[in-house]
Each structure stands twice: as structure tokens, then as C-alpha cells.
Amino acid sequence: MSEAILSIKDLKVNYGGIEAVKGISFDVPEGSIVTLIGANGAGKSSTLRTVAGLVKPKSGIIQFKGEDITGKSSIDIVKRGITLVPEGRRIFPDLTVLENLKIGAYLRKDDLKEDIEWVYSLFPRLKEREWQAGGTLSGGEQQMLAVGRALMSRPKLMMMDEPSLGLAPIVVRDIFKIIREINKKGVTILLIEQNANMALQTADYGYVLETGRIGLSGTGAELLANEDVKKAYLGT
């Protein structure tokens, strides 16, 4: 296994008096796809939001490329090479596709043309709709735009929160195909996904979160074959 690009140690996250994350520890190897699966309220989104600097942890350590980034601002986190594709897309509905993409590169001062063309090569439909307002796109197209916008910051680690939520099965397959393509280009992926079957088929490694704690871990194939995982998350 390659060296960890992200290392989380005994992370605890509270919302008021509620413990959302109860001391989890895990590594994300550089160049890998890692997935967190679990029921709603298990602490998955809280973990990603804390890494992204949107939520301050109660305690614990978050290291990125060996450096402590615990509690850093979200802007500082993006500068270091971490980006989050949030649940629900969160694109700017009144801005065009191209304007949304450029917002993803707001911290960059160099030429964006090459990266915009790469995003369009991944998502040809975005090229076709370049001058269309983001709010007029279909759900699947908006998800493509959210992923494309995240790529514009040239991330080393891309975190994705429920990328398939509310999408038709054929669109979900397309999104996961693109996730694999992005990973092949050297971007490490940390993925939260309610479609546990698709997530585990795609991921190199997975962790099962249960009420704020890690209950199981293993390769994607090992978790797919695990009887407890099958019953709880795969509907078999």
C-alpha cells in the first residue's frame, strides 16, 4: 500500500451536545479511491466537512501529506490541494457553466484553458452547454458541473459527498466511470456514497461507519463479500 496522503487520528466532531464523530482513525493512501459507507447520521459527511475546514473538530489530528492541517480554514485547505464536491451539488444556478468552472479556480492566477478543456473532455455535455445557466441543467449535468468545478483547483485529494444522490442509474454509471478516470490521472479520491454496491466496486479500500465509529474496514472486494455488509447496506 502506498503512503497515506490523508491521515485521520482519533477525530471527534460535536454539534452542540451531539457527538457526530466519536474518535475515528483511518488513512487514505495516495493515488487510491477510498469510500466511507454507513447509514444516515453515521458521521460520514461530518468527517468530510471537518477535513475540508468547514467544521472545527472537538479533538483529534488531521494530517495531509504529513503536515498537520487540523482546524485550518477552508481556503487554506483548498490551497493545499484538497477539494470537496458537496452533497446536493451546490452549483451557482444563475451563472453559466463556464462561470461555475472558473469559480472553482478562484485561487489560481495561471491560465485555465487546459483545465477547462480537460473538464470538457470528461463531460462533453458541459461543453455543449458552456453558456447555459447552471440552474437550467439536469440533475446529472449539475453533478458533472460540481465535479468539474472541483477539478479546476487542481486537487491532489478530491472528496465527494453522495455524488449519485437522486440520479438515474445510467447517469450514476457515467459518474463512477468518470471518478475512475480522474483517479487514473493521479487524483486521490475519498468518497461518501449511499449506493454502497457501486462505491465498493469502485473503491480500493472502504470503511463502514456506524454511529460515529468505524465498525468494519477492508478492501472494496472484502467488504462486498462481507455478510454483515451485504445485509445492512447491499440489500442481500
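Everything below is about the structure shown above.
The structure presented is a predicted model; accordingly, all values stated were derived computationally and were not measured.

1. A few points about the overall build of the protein chain
The number of helices and strands found in the protein chain is 10 helices and 10 strands. Its C-alpha atoms give the protein chain a radius of gyration of 17 Å, within 12% of the compact-globule value 18 Å for 236 residues. If you line up the protein chain on its principal axes, its C-alpha atoms span 45 × 40 × 35 Å. Here the protein chain, with 236 residues, has 50% of them falling under the buried criterion. If you take every contact in the protein chain between residues at least 6 apart in sequence, the share linking residues at least 24 apart comes to 65%. Only carbon and sulfur atoms are counted for the fraction: they give 49% of the accessible area of the protein chain, which is about 11,000 Å². Looking at the protein chain, you have 31 positive and 29 negative side-chain charges, and the mean spots of the two groups are 2 Å apart.

2. What about the sheet that holds strand β5 (residues 67–68)?
The 4 strands lie next to each other as β2-β1-β4-β5, forming an open sheet whose pairing is antiparallel. Sheet topology places β2 (18–29) and β5 at the edges, where each strand pairs with a single neighbour. Of the strand pairs in this sheet, strand β4 (residues 59–64) and β5 are connected by 2 bridges, and their pairing is antiparallel. Across the sheet, Q63 pairs through a bridge with D68, a residue of β5.

3. Overview of the environment of Q143
For Q143, the location among the structural elements is in helix α6 (residues 139–151). Placed 53 residues apart in sequence, Q143 and R90 show a C-alpha to C-alpha distance of 9.0 Å. Every residue in contact with Q143, bar those within four places of it in the chain, is listed here: V85, R89, E162, P163, L167 and I175.

4. Here's the deal with the side chain of S153
Its place among the elements puts S153 in the loop between α6 and β7 (157–161). Setting aside anything within four residues of it in sequence, one finds S153 in contact with V78, T83, G104 and R108.

5. A short note on the pattern of salt bridges
Counted according to the given criterion, the structure contains 7 salt bridges. For D115, the salt bridge identified is with R154, shortest N-O distance 2.9 Å. Highlighted residues: D115 in helix α4 (residues 113–122) and R154 in the loop between α6 and β7, separated in sequence by 39 residues. Of the charged contacts, one joins E128 and R129 as a salt bridge, the two residues approaching to 3.1 Å between their closest N and O atoms. Classification of E128 as exposed rests on a relative accessible area of 60%. Here the residues in one salt-bridge network are E67, D76 and R80, joined through shared partners.

6. Quick word on the nonpolar core
Core analysis: the largest hydrophobic core is formed by 45 residues, its most contacted members being L126, M158, I182 and I189. When residues of this core are traced back to their parent elements, those giving at least two are β3 (33–37), α3 (97–103), α4, α6, β7, α7 (169–184), β8 (188–192) and α8 (196–202). Once you skip the residues sitting within four places of it in the chain, L126 turns out to touch V97, V119, Y120, L137, E141, M144 and L145. Among the nonpolar cores identified, the runner-up in size contains 29 residues, and V21, V28, L48 and I82 belong to it.

7. Overview of the pairing of strand β9 (residues 205–210)
Every regular strand shows the same layout, with side chains that alternate between the two sheet faces. Bridge count for β3 against β9 is 4 bridges, and the pairing is parallel. Bridge pairing in β9 places L36 opposite Y207. Looking at chain direction, β9 and strand β10 (residues 213–219) are connected through 6 bridges and run antiparallel. Counterpart to L209 in the pairing with β10 is I214.

Parameters at a glance
Residues numbered from 1 in each chain as written. Predicted model: local features only at pLDDT ≥ 70, side-chain atom pairs only at ≥ 80, totals over all residues. Heavy atoms only, no water. Helix = DSSP H or I, 4+ residues; strand = E, 2+ residues; numbered from the N terminus. Rg over C-alpha atoms; globule rule 2.2 N^0.38 Å. Buried < 20%, exposed > 50% of the residue type's maximum accessible area, 1.4 Å probe, protein only. Contact = heavy atoms within 4.5 Å. Areas by Shrake-Rupley, 256 points an atom, 1.4 Å probe, with all protein chains shown as cover. Lys, Arg positive; Asp, Glu negative; His and termini not counted. Charge placed at Lys NZ, Arg CZ, Asp CG, Glu CD. Pairing = 2+ DSSP bridges. Salt bridge = Lys/Arg side-chain N within 4 Å of Asp/Glu carboxyl O. Core = buried A, V, L, I, M, F, W, Y, C linked by side-chain atoms within 4.5 Å.

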